[in-house]
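Secondary and tertiary structure notes
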Amino acid sequence: MNKLRPTINALPRRLRRDASCAIVVALAVAALTGCQETDPARPWWYQPTQETDQADRELFLEELKSDNPKIRFEAWNNAHKVSPDIIVRVGILGGNTDQAIAHAARQALRRMVHHAARPGQPPNSRQYITYQLGRLLRICRANEVRRETLNLLGIVGTDDAADHIATMLSNVDLRDDARMALERLPGPAATNALIKALSTRGDFELRIIEALGQRGDKLALPALKQRAADPDRDISFAAINALSMIGEPAPEVFSPDRVRSMSDEELDQLVDAFVRYADKQASRIWFNFTGREEAHAIYLAILQRTDAPHHKYIALQGLGEVVTARDVDVILPLLTDDAPEVQAAAEKTLSQITGFDAYPQITQAIEGSTPHQQASLLRIAFDRDPARCKTLLNKYLQSESSEVRIVAAELMGESDDPSFAANLLAVAGEETGEVKSATITAYLKLADVHFGRNQRDDALNMYHQALELADEHALRAASLRGIASVGSLDSVERVKPLLDGDLNVEAGYTLLRIAKARQTAGESAQAIALLEDLLTTRPASDVERGALDQLRDLGVDAEKYARAEGFLTRWHIIGPFPNPEKTAFEASFFPEESVDLAAGGRFRGQEMAWSKVIADRRPAVVDLAAQFDPNTDVAAYAYTTFELEGVEKVTCRLGSSDGVVVWLNGEKIHANNASRSLAPDEDRFDATVTQGENELLIKVLNDGGEWGFCMRLTDADGNPIEPISKGK
């Protein structure tokens, strides 16, 4: 504003009397003439324009000093609304002897600075913040405040901040805070400030060197290269490490000859730096052959010099990016290294070799190699060119080494080339153990190739051969899955014997899928015959369920198999009724008085209805727990009707969980207040039936856990009596 005063004074008296107008005109003139304030670091939008601004700032400072923690919190939490003009005063307050006030002031300082320097602010805002923080650093003597100030300068400071921060590098208490701030601060000034501080010897010089490496600024290269040759080994190693982080070419420091001449201790300390440097050279743009050759030479030098697994591993990882066919002889011995991670890295590196001459180089190396090397090289050659490996794989399938034979078989399986099938089958017939397993696995994969090409007869023949040869459960199960996918009746007689053994479930599912395939093909009669034959073998429960479901889809009465064993399959159920402490065993509920399937009944003010269930599995269990909720400490009723022809006496065979009461034609004929798991035929009792329709009512209790029942009818000798189940 001082530069505007001559302009204002030159205005007519009438205008000068009007202060508001004078200010407006002065600002307009300043805008047009490019006039600026005397403090160029202060953005125009930070200028106080009213006396109340000063009062607000004073109030803010007083609130930070308040004894009331809520007032202090509100003050620093809203510090971003206060002009940065008072950064210095707030910062000084951060050194207050009252720790609560000091904490609030430092929180306010952070909030003010971060808000004023946030992205999107005018360009000179950060310059002004830097200026204010620099003043605070000079004026304040409290180290906690200085540390906070250095941290903020490192985060939001401009290039000018470097000079302010550098003044603290000579302060023993604050120099590490200054170093870290310079490490973060962008721009060449910070790098130059760190370089100037390199004259400080001792541990702090090592930390300065590390900071230069972390910055990655090429300006530090000359100084770091000079210290890389320092007779002090700690200084030299620190400089080498820093140069590797920068990654600019420095062949005079990172030479392969230096690697070869290192002691074991030196190599252990510097190998990571040399690999990091080589990685950066290798990753430069693809046409930078010099950098790639330099990296290549360093990796090879490390591999030739070291015995440490970690060194070999990281060198191989890097070499993979620049490896050539010429490196096979160097890498080959590492395929049999004692460390598994080195073996894996060597194999991967060989697989990354590029160039037209790579395949012959790799295949030539197989001859004369150890079995483990041969196995690895076979994988690599196959990955590069599967088509050219056919002769090679057939040859090494006959190797004396079981490891090589296994790998050859595995690769044949991955080839998608069914022409390998004959050799695999021949070897599988002669081998045992792991080799036999590998060859059959590969053989099955090639059978899948036939199937995928719709060559179903060829595929089926191979699945049959594998099933006959395989000893392991997993391989026989895989053969059955292949047979099931083809779905041919030609497989039935091969599969049926397996229903009586450890493959009974897999064999059952295979026959289900064959039946489904025949049904899909319109051969319903064959499907029904197969399923009914399967049910006679008493297959696993899930297989039986699948067979019954398929028969139902085919229009067959799926209940007849359970009825043939005397089971009652159609029921109506109602519940649940309360059964606290098994009291429902003696209690009577409305179904015991009369059964009205249409009307249901009323219990404790609520209507209850009968629902129909069909139990067609063997045993024909009615799962009450799946039908009712709640299903613990409850009871339910089941009702059915049935007819028997020419029979007066029957033996009822019942299983339940838990207790049970049975009425036949209104007469209680059985009761067992048991707590038990469901076991078919556990309760046996005789009953007299009438000619025509008989009514059966069962009350089943549950204490907890499973809840259900099943019931069937037999003669005195246990022979099933098939009921004519009405179930209304």
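To keep things clear, this report deals only with the structure shown in the data block. Fair warning: this is a prediction, and the values are worked out from it, not measured in the lab.

As for the sheet that holds strand 5 (residues 622–623)
- Spatially, 4 strands are ordered 5-12-7-10 in an open sheet, and the strand pairing comes out antiparallel. The outermost strands of the open sheet, each flanked by one partner alone, are strand 5 and strand 10 (683–688).
- Here strand 5 runs beside strand 12 (residues 708–714); their pairing, made up of 2 bridges, is antiparallel. The partner of Val 622 across the bridge, within strand 12, is Phe 709.

Side note on the packing of aromatic side chains
- With the rule as written, the count across this model stands at 14 aromatic pairs.
- Taking 5.7 Å as the distance between ring centres and 70 degrees as the angle between the ring planes, the aromatic pair formed by Phe 577 and Phe 590 counts as edge-to-face. Note that Phe 577 is positioned in strand 1 (residues 570–578) and Phe 590 in the loop between strand 1 and strand 2 (601–603), a separation of 13 residues in sequence.
- You can call Phe 577 buried: its relative accessible area is 1%.
- The class for Phe 590 is buried, based on a relative accessible area of 15%.
- An aromatic cluster of at least three residues, connected via ring pairs, comprises Phe 577, Phe 589, Phe 590, Phe 603, Tyr 637 and Trp 663.
- Its end group placed over the ring of Phe 204, Arg 175 keeps NZ or CZ at 4.5 Å from the ring centre.
- Above the ring of Phe 567, the side-chain terminus of Arg 712 is found at 5.8 Å from the ring centroid.

A few points about the nonpolar core
- Formed by 175 residues in total, the largest nonpolar core has its most connected members in Phe 60 and Val 90.
- The biggest single contributor to this core is helix 17 (residues 264–282), with 9 residues.
- Among all residues touching Phe 60, those that are not within four sequence positions of it are Ala 75, Ala 79, Val 82, Ile 86, Val 90, Ala 108 and Met 112.
- Of all hydrophobic cores here, the second largest spans 36 residues; its members include Ala 620, Val 634, Leu 644 and Val 689.

Observations concerning the packing of helix 7 (residues 99–116) against helix 8 (residues 124–139)
- Relative orientation of the contacting elements helix 7 and helix 8 amounts to 155 degrees, with a least axis distance of 9 Å. In terms of their interaxial angle, helix 7 and helix 8 are classed as roughly antiparallel. Contact with helix 7, carried on its side by Leu 109, Val 113 and Ala 116, involves Ser 125, Ile 129, Leu 133 and Leu 136 of helix 8 and no other residues of that element.
- Class assignment for the residues of the contact of helix 7 with helix 8 results in 6 nonpolar, 1 polar and no charged.

Section: helix 18 (residues 289–305)
- Given a rise of 1.5 Å per residue, 17 residues ought to cover 24 Å, and the 24 Å separating the end C-alpha atoms of helix 18 matches this to within 8%.
- Inspection of helix 18 places Gly 291, Glu 294, Ala 295, His 296, Ile 298, Tyr 299, Leu 300, Ala 301, Ile 302 and Leu 303 among the buried residues, and these make up the whole buried set.
- Its buried side turned inward, helix 18 meets helix 16 (256–261), helix 17, helix 19 (309–319) and helix 20 (328–331).

Definitions and cut-offs
- Residues numbered from 1 in each chain as written.
- Predicted model: local features only at pLDDT ≥ 70, side-chain atom pairs only at ≥ 80, totals over all residues.
- Heavy atoms only, no water.
- Pairing = 2+ DSSP bridges.
- Helix = DSSP H or I, 4+ residues; strand = E, 2+ residues; numbered from the N terminus.
- Phe/Tyr/Trp six-rings, centres within 6.5 Å; stacked < 30°, edge-to-face > 60°.
- Buried < 20%, exposed > 50% of the residue type's maximum accessible area, 1.4 Å probe, protein only.
- Lys NZ or Arg CZ within 6 Å of the ring centre and 35° of its normal.
- Core = buried A, V, L, I, M, F, W, Y, C linked by side-chain atoms within 4.5 Å.
- Contact = heavy atoms within 4.5 Å.
- Axes fitted to C-alpha atoms, helices over the stretch in contact; angles between N-to-C directions.
- Parallel < 35°, antiparallel > 145°, perpendicular 65-115°, else oblique.
- Nonpolar A, V, L, I, M, F, W, Y, C, P; charged D, E, K, R; others polar.
- Expected span 1.5 Å × (residues − 1).

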